[in-house]
Amino acid sequence: MKTANYLNIIADQLHPHMAFVFPTENGIFQQDNTPCHKARIMLDWFEEHTDEFHLMSWPPNSPDLNPMEHIWDVMERQLRAQTPPCPNISTLRDRCLDIWYNLSSVMYQKLVASMPRRVGAVLKATGDATRF
């Protein structure tokens, strides 16, 4: 994704959402270290809005701390298990949305519950990869 597109999404979608969900301006936003996330224009934008919500500081190589990586993996496995393969981008989009909307709430609860263990494992490994 290009930085300009990401900035538009953050400004147009995230910003009003965070204001709605965290009206007392105590929200924390997490993103990973994708290049468009770390671009100077993005860091400047978050700095300008630091009084509204905070950008979580994130280690440079942190897939073990990002539950979204697990969700992408689950979605990819479910998508690859479907036959026949997607004949076009429209079918791929529809299948991805169907998988997304039908992910188990139990899976999300387990991911949230796993975070203390994940953080502990990363600390124990002094930032190196873990077995998660």
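Residues numbered from 1 in each chain as written. Predicted model: local features only at pLDDT ≥ 70, side-chain atom pairs only at ≥ 80, totals over all residues. Heavy atoms only, no water.

Under an unreviewed UniProt entry, the protein has the name Tc1-like transposase DDE domain-containing protein and belongs to Araneus ventricosus.

Caption draft 1: The pattern of salt bridges, seen in detail. Evaluated as defined, the whole model comprises four salt bridges. Taking the shortest distance from any N to any O, the salt bridge between Asp-73 and Arg-77 comes out at 3.0 Å. Residue Asp-73 and its partner Arg-77 are both found in helix α4 (residues 67-81); the two are separated by four residues, about one turn of the helix. Put simply, Glu-76 and Arg-80 hold a salt bridge, and the shortest N to O gap is 2.9 Å. Pair noted here: Glu-76 and Arg-80 are both in helix α4, with a separation of four residues, about one helical turn. Judged by its relative accessible area of 39%, Glu-76 is partly exposed. Since its relative accessible area comes to 65%, Arg-80 is described here as exposed. (Salt bridge = Lys/Arg side-chain N within 4 Å of Asp/Glu carboxyl O. Helix = DSSP H or I, 4+ residues; strand = E, 2+ residues; numbered from the N terminus. Buried < 20%, exposed > 50% of the residue type's maximum accessible area, 1.4 Å probe, protein only.)

Caption draft 2: Structural view of the nonpolar core. Formed by Tyr-6, Leu-7, Ile-10, Leu-14, Met-18, Phe-29, Cys-36, Ala-39, Met-42, Trp-45, Phe-46 and Phe-53, the largest nonpolar core amounts to 12 residues. Listing elements by their share of this core, those giving two or more residues are α1 (3-21) and α3 (40-48). The dominant element in this core, judged by the number of residues it contributes, is α1, at five residues. Contacts of Phe-29, omitting those with residues within four sequence positions, involve Tyr-6, Ile-10, Leu-14, Met-18, Phe-46, Phe-53, His-54, Leu-55 and Met-56. Of all hydrophobic cores here, the second largest spans eight residues; its members include Met-75, Leu-79, Leu-103 and Leu-111. (Core = buried A, V, L, I, M, F, W, Y, C linked by side-chain atoms within 4.5 Å. Contact = heavy atoms within 4.5 Å.)

Caption draft 3: Focus on the packing of aromatic side chains. Taken as a whole and judged by the stated rule, the model has five aromatic pairs. Between Phe-46 and Phe-53, the ring centres sit 6.1 Å apart and the planes meet at 85°, which makes this aromatic pair edge-to-face. Of the two residues, Phe-46 and Phe-53, both sit in the buried class. (Phe/Tyr/Trp six-rings, centres within 6.5 Å; stacked < 30°, edge-to-face > 60°.)

Caption draft 4: Just the environment of Asp-98, in detail. Tracing the backbone through its elements, the reader meets Asp-98 in helix α5 (residues 89-101). The exposure class of Asp-98 is partly exposed, given its relative accessible area of 45%. Distance in space between the C-alpha atoms of Asp-98 and Leu-79 is 9.9 Å, their sequence separation being 19 residues.

Caption draft 5: Highlighting a nonpolar patch on the surface. The grouping of Trp-72, Trp-100, Tyr-101 and Tyr-108 at the surface amounts to a nonpolar patch, some 470 Å² of accessible area in total. Within the secondary structure layout, Tyr-108 lies in helix α6 (residues 105-124). Overall, Tyr-108 belongs to the partly exposed group, its relative accessible area being 31%. (Patch = residues over 30% accessible without salt bridge, like charges linked within 9 Å, V, L, I, M, F, W, Y side chains within 5 Å. Areas by Shrake-Rupley, 256 points an atom, 1.4 Å probe, with all protein chains shown as cover.)

Caption draft 6: How the structure looks around the environment of Ala-125. In this structure, Ala-125 sits in the segment after α6. With a relative accessible area of 21%, Ala-125 lands in the partly exposed category.

Caption draft 7: Seen up close, the domain arrangement of the protein. Taken as a whole, the protein is organised into domain 1 (3-55) and domain 2 (63-125). Between the C-alpha centres of domain 1 and domain 2 the distance comes to 23 Å. (Domains from an automatic or database assignment.)

Caption draft 8: Layout of the confidence of the model for the protein. Per-residue confidence for the protein gives a mean pLDDT of 88, with 95% of residues at or over 70. The least confident element of the protein, judged by mean pLDDT, is strand β2 (residues 53-55) at 86; the most confident is α5 at 95. (pLDDT = per-residue confidence, 0-100.)

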